[in-house]
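Observations on the three-dimensional arrangement
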Amino acid sequence: MKANENYLNVKESYLFSDIAKRVNNFMEENPDKKDKVIRLGIGDVTLPLAPVVVEAMTKAVAEMGVKETFRGYGPEQGYDFLRNKIVEYYKKNIISIEADEVFISDGAKSDVGNITDLFDKENTVMIPDPVYPVYVDTNIMNGRKIIFLNATDENDFCPTPIGEKADIIYLCSPNNPTGAVYTKEKLRQWVDYALANDAVILFDAAYELFITEDNLPRSIYEIDGAKRCAIEFCSLSKTAGFTGTRCGYTIVPHDLKVKRSKLLGRKGDGDISLNKMWLRRQTTKFNGVSYIVQRGAEAVFTEEGQKQIRENLGYYQQNAKVIADTMTELGIEFAGGINSPYIWLKCPNHMGSWEFFDYLLENIMVVGTPGAGFGKNGEGYFRLTSFGDKDKTIEAMKRFKALFSGSSEE
Ligand code: MLT
């Protein structure tokens, strides 16, 4: 047996596992401070599922307990009742997609990792830095060459194409971790680039519902031509509180094709459809999301569901404002917080990001995510999430103020 040696090239542990371990160690070593720890690190939601979702799931559980309505294996790509709801959801945003372009998933993380199955190892990948670590790690595991693009305050954390050629481009907007959002003009540059270079854009739109400003695109398909070059990943984790129940969806348009001339030595007619390849991949390696969860997800897309999840989003948006206002008051530079659940701040006093992580944990027991965990350009930055409990977020910001005005309460 020979192991996949590419695994030796990824960091020993996943960023958020690393943070959880450090926090657990701190709590073991400081049992008196254990209950004071406030976690604003991983973007995990705190509000429960919306009542319509719970009701739909409960009904589905009951159906599963009755012979006549019991369901076994479902379609790997998702039930039509949910795929059709997602088609309608896109239609409201003036985007027309077909139900068989929608693939129900157990969340965006799995699909952005698994989609790499469709692409040759020889492809070059382009990834902005800082970035959600899954894009980088999954491509390192596959042994692909990665070109990093600098996402800095100079380009508002939304880099545009550079001279180099890539085959696969990852974009995330609203961005994790920086909170930045691509404008239509900037996204157009990427779509033009991808079409000109026969490249594919993997567009992570997991945070699309956090966009409140008009004119900012919530889907890459708002840009003409994107259906010929982009796959879009969405998730109900952050928008509808499904981090524990797991449900998302991926759009693979029929127009997205790989030129047969690019497949050396392969005869046959017509170009290769990525939609067909993904269907083949999913039916082979994935057994679908549970019926109960898909019924809950369906409820998210009803009128009442949308109303209820937007109330939850409002709660997180208010937390984001509390954090952003605190940073403004303290004169700490930051991005995000508007159109995004993340606040990306510059570590005060030129601290390194892990140094700042330890400083906050030890002094005010607040946990965030060190920017360096998202790439080299994240060094010197720190990410706070607005997905925490409201009172705890307010308390964390009180402690921040006390610490940075030089009179820590602790
Ligand atoms: C994050 O905190 O970056 C996210 O929660 C991670 C994820 O969605 O997998």
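Keep in mind it's a predicted model, so treat the numbers as computed, not measured. (Residues numbered from 1 in each chain as written. Predicted model: local features only at pLDDT ≥ 70, side-chain atom pairs only at ≥ 80, totals over all residues. Heavy atoms only, no water.)

**A short note on the pattern of salt bridges**
To keep things clear, this is the line we draw: Throughout this description, the term salt bridge denotes a Lys or Arg side-chain nitrogen within 4 Å of a carboxyl oxygen of Asp or Glu. Starting at the N terminus, helices and strands are each numbered in turn, a helix being any DSSP run of H or I of at least four residues and a strand any DSSP run of E of at least two. Accessible area is worked out with a 1.4 Å probe on protein chains only. A residue is then buried under 20% of its type maximum, exposed over 50%, and partly exposed in between.
Scanning all chains against the criterion turns up 15 salt bridges. Between Glu208 and Arg218 there is a salt bridge, and its shortest N-O distance comes to 2.9 Å. Residue Glu208 is located in the loop between strand 6 (200–204) and strand 7 (230–235), and its partner Arg218 is located in the loop between strand 6 and strand 7; the two are separated by 10 residues in the primary sequence. Overall, the relative accessible area of 22% leaves Arg218 in the partly exposed class. For Glu304, the salt bridge goes to Lys307, with nearest N and O atoms at 3.9 Å. In this pair, Glu304 and Lys307 are both assigned in helix 10 (residues 303–330), 3 residues apart and thus about one turn of the helix distant.

**Comments concerning unusual backbone geometry**
The peptide bond linking Asp129 to Pro130 adopts the cis configuration, its omega dihedral lying at 10°. Within the secondary structure, Pro130 is located in the loop between strand 3 (124–129) and helix 5 (133–142). Residue Pro174 is bonded to the preceding Ser173 through a cis peptide linkage, with omega at -10°. Summarising the element assignment, Pro174 is placed in the loop between strand 5 (168–172) and helix 6 (184–197).

**As for the domain arrangement of the protein chain**
Selection criterion: Where each domain starts and ends follows an automatic or database-derived domain assignment. It only takes one pair of heavy atoms within 4.5 Å for two residues to be counted as in contact. Buried area is calculated as the accessible area (1.4 Å probe) missing from two parts once they are joined, with the contributions of both summed. Throughout this description, a polar contact denotes any pair of N or O atoms lying within 3.5 Å of each other; where both atoms belong to protein, one of them has to be capable of donating a hydrogen while the other can accept it, and for residues adjacent in sequence the pair is counted only when both atoms sit in side chains. Residue polarity follows a fixed list, in which Ala, Val, Leu, Ile, Met, Phe, Trp, Tyr, Cys and Pro are nonpolar, Asp, Glu, Lys and Arg are charged, and the others, Gly among them, are polar.
On domain assignment, one finds that the protein chain holds domain 1 (13–42 + 305–403) and domain 2 (51–301). The C-alpha centroid of domain 2 is placed 27 Å from the C-alpha centroid of domain 1. Every contact between the two is made by 29 residues of domain 1 and, on the other side, 37 residues of domain 2. Buried surface at the junction of domain 1 and domain 2, summed over both partners, amounts to about 2,600 Å²; 57% is from carbon and sulfur atoms. For the pair domain 1 and domain 2, the interface holds 1 salt bridge. Asp153 is paired through a salt bridge with Lys346; the nearest N and O atoms lie 3.8 Å apart. Put simply, domain 1 and domain 2 have 11 residue pairs in polar contact (both at pLDDT 80 or more) between them. For the side of domain 1 that touches domain 2, the elements supplying multiple residues, two or more each, are helix 10, strand 11 (334–336), strand 12 (342–346) and strand 15 (381–385). Top element by residues in the side of domain 1 that touches domain 2 is helix 10. It accounts for 8 residues. Its residues placed into classes, the side of domain 1 that touches domain 2 shows 13 nonpolar, 11 polar and 5 charged.

**As for the site of the ligand**
Where we set the bar: It suffices for a single heavy atom of a residue to lie within 4 Å of a molecule or strand for the residue to be listed as near it. Computed with a 1.4 Å probe, the accessible areas rest on the Shrake-Rupley method; for each residue, only the protein chains presented here act as cover.
The ligand sits among Phe16, Ile42, Gly43, Lys109, Tyr132, Asn176, Lys238, Tyr342 and Arg383. Between the ligand and the protein, one listed contact pairs an oxygen atom with a side-chain N or O atom of Tyr132 at 2.5 Å. One of the side-chain nitrogen or oxygen atoms of Asn176 is found 2.8 Å away from an oxygen atom of the ligand. Relative to its unbound accessible area of 270 Å², the ligand is 85% covered by the protein chains. Here the shell around the ligand is composed, by residue class, of 4 nonpolar, 2 polar and 3 charged. Counting contributing residues per domain, the shell around the ligand is built from domain 1 (13–42 + 305–403) and domain 2 (51–301), each supplying no fewer than three.

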